[in-house]
Amino acid sequence: MKKILSIFVLVIFLMLPLSVAADEPDNACELTQIEFNNATINEEFSKDVFEYTVTLEDSSVTPTLKSYKLSSKGNILVTYELDEAKHQTGIIVTLEFENGSAFYKFKYSNPAEYNKNSNNLLKKVDCRLGEVYPEINDNQTEYKLYIPSDLTEINLSAATKDTGAFCDIPKAINLGVDQEPDISVTVTASDGSTRVYTFEVTRLDKTSEEVQKEMESPDFESLVKGELFYQKPSFIIGIACAAAGIILIALFIIIAKRLTVKVEDEDEISFFEE
């Protein structure tokens, strides 16, 4: 009896690790590589280290994300750490994945000596699963923000051109499924002058899942280019058909006028009248 009981306990003991392993969550997504424009990471990057310093090539210019690699499916959001005067002191990279999130900090080793100026220009605006169109430039303050048809939360991040400027941008905006609001963003220069940008939210004819899949493609370039209604083949064909229809109607009118033209002048006296 004792022997049978011992065997039973041994079997349970051997099965226990397997049961625990089965209950463990899948491996978390990890950031395996990252690079910035206008900033060099001073230490060797490791997925297990979460704080670094970076050297800016031009300390007055805001660094932006250049490239990154993830071990599995996840999303990256880049924001900027600010001091009490709302001047940039570093980059914060947020990695979000199904089972949680991770934060990486990149502190500027050579922050700019801030001199007051009127540079209140935006350099870049990123939206998770969305795209700003056209690209941010110095001449426009009104843009469209294209998002999936079923997206109910907009996650935004912005980079100002000047590291001394501050962008007041909402990080998360909750929406109804059919809502397409206008989002106002104010950039304040180091001298206090402001510039207001407007982003008109427009829903794509694609779901979040479709957009995510498209963005993960190695050939991905844009959600919008080639998808705007005036760039689609159907729109071009429609315009061509409309133009052809107008031409046919015009020809019909001309032909009808010629067929119904009067062969004699009403005021002319008939040759046979006495």
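The numbering scheme is per chain: residues are counted from 1 as the chain's sequence reads. Note on the predicted model: pLDDT of at least 70 is required for a residue's local features to be given, and 80 or more for side-chain atom pairs to be given and counted; whole-chain, interface and lining totals, by contrast, use all residues. As a rule here, side-chain values cover all heavy atoms of the structure and leave hydrogens and water aside.

*Asks:* Help me understand the overall build of the protein chain, please; the structure alone is not making it clear to me.
*Replies:* Secondary structure follows DSSP: runs of H or I at least 4 residues long count as helices, runs of E at least 2 residues long count as strands, and numbering of each begins at the N terminus. The helix and strand tally for the protein chain stands at three helices and 15 strands. Among the 274 residues that make up the protein chain, the fraction classed as buried is 32%. Between two residues, a contact is recorded if the distance between any of their heavy atoms is within 4.5 Å. Considering only contacts within the protein chain whose residues lie at least 6 apart along the sequence, 56% involve residues at least 24 apart. Using a 1.4 Å probe, accessible areas were evaluated by the Shrake-Rupley method; residue-level cover was limited to the displayed protein chains. Working note: accessible area of the protein chain is about 18400 Å², and carbon and sulfur atoms make up 55% of it. Type-normalised accessible area, obtained with a 1.4 Å probe on protein chains alone, sets the label of each residue: buried when under 20%, exposed when over 50%, and partly exposed for intermediate values.

*Asks:* Would you mind showing me how to read the side chain of Arg-203 here?
*Replies:* Looking at where Arg-203 falls in the secondary structure, it is placed in strand β15 (residues 194-203). Counted charges follow a simple rule, with Lys and Arg positive, Asp and Glu negative, and His plus the chain ends left uncounted. We count a salt bridge whenever a side-chain nitrogen from Lys or Arg sits within 4 Å of a carboxyl oxygen from Asp or Glu. As a buried residue without a salt bridge, Arg-203 has its nearest oppositely charged side chain in Glu-180, at a separation of 4.9 Å. What qualifies as a polar contact is a pair of N or O atoms within 3.5 Å, subject to a donor-acceptor requirement within protein and to the restriction that residues adjacent in sequence count only when both atoms come from side chains. A polar atom in the side chain of Arg-203 sits 2.7 Å from the backbone oxygen of Val-177. A polar atom in the side chain of Arg-203 sits 3.2 Å from the backbone oxygen of Gln-179. Once you skip the residues sitting within four places of it in the chain, Arg-203 turns out to touch Ile-147, Pro-148, Ser-149, Asp-150, Leu-151, Leu-175, Gly-176, Val-177, Asp-178, Gln-179 and Glu-180.

*Asks:* I tried to follow the environment of Leu-77 on my own but got confused; where do I start?
*Replies:* Mapped onto the fold, Leu-77 is located in strand β5 (residues 75-82). For the pair Leu-77 and Ile-92, spaced 15 residues apart in the sequence, the C-alpha separation amounts to 8.2 Å. When neighbours within four sequence positions are excluded, Leu-77 is seen to be in contact with Ile-92, Val-93, Thr-94, Leu-156 and Ser-157.

*Asks:* Explain the sheet that holds strand β11 (residues 153-160) here, please?
*Replies:* Across a sheet, strands are paired by hydrogen bonds formed along the backbone, either parallel or antiparallel in direction. Following DSSP output, two strands are said to pair if at least two bridges run between them. Pairing within the open sheet is antiparallel, and its three strands lie in the order β8-β11-β13. Each edge of the sheet is formed by a strand with only one pairing partner; in this case those strands are β8 (122-127) and β13 (172-174). Averaged over all pairs of adjacent strands, the angle between strand axes in this sheet comes to 25 degrees, irrespective of strand direction. One ladder, built from three bridges, connects β11 with β13; its direction is antiparallel. Note on β13: the bridge partner recorded for Asn-155 is Ala-172. Comment: axis = line fitted to C-alpha atoms, over the contacting stretch for helices; angle = value between 0 and 180 degrees taken between N-to-C directions.

*Asks:* Would you mind showing me how to read the layout of surface pockets here?
*Replies:* Gaps left between atoms are located by rolling a probe of water-molecule size over the structure's atoms. Only protein atoms enter the 1 Å grid used here. Points where a 1.4 Å probe fits but cannot escape make up a cavity, open sets with protein on both sides within 12 Å along at least five of seven lines make up a pocket, and a residue lines them when an atom lies within 4 Å of a point. Grid points are joined across faces, edges and corners, and a volume is the space filled by probe spheres set on the points. In this structure, the largest pocket spans a volume of roughly 1000 Å³. Forming the walls of the largest pocket are 31 residues, and the residues nearest its centre are Asp-126, Cys-127, Gly-130, Met-215 and Phe-220. Of all elements in the fold, only β4 (64-70), β5, β8, β9 (131-133) and α2 (208-215) reach the threshold of two or more residues within the lining of the largest pocket. Residues are grouped as follows: Ala, Val, Leu, Ile, Met, Phe, Trp, Tyr, Cys and Pro are nonpolar; Asp, Glu, Lys and Arg are charged; every other residue, Gly included, is polar. Grouping the amino acids of the lining of the largest pocket by side-chain chemistry returns 14 nonpolar, seven polar and 10 charged.

*Asks:* Would you mind going over the side chain of Gln-212 with me for this structure?
*Replies:* Inspection of the secondary structure puts Gln-212 in helix α2. Residue class for Gln-212 comes out buried when judged on its relative accessible area of 11%. Leaving out residues up to four positions away in the same chain, Gln-212 has contacts with Lys-73, Gly-74, Asn-75 and Leu-129.

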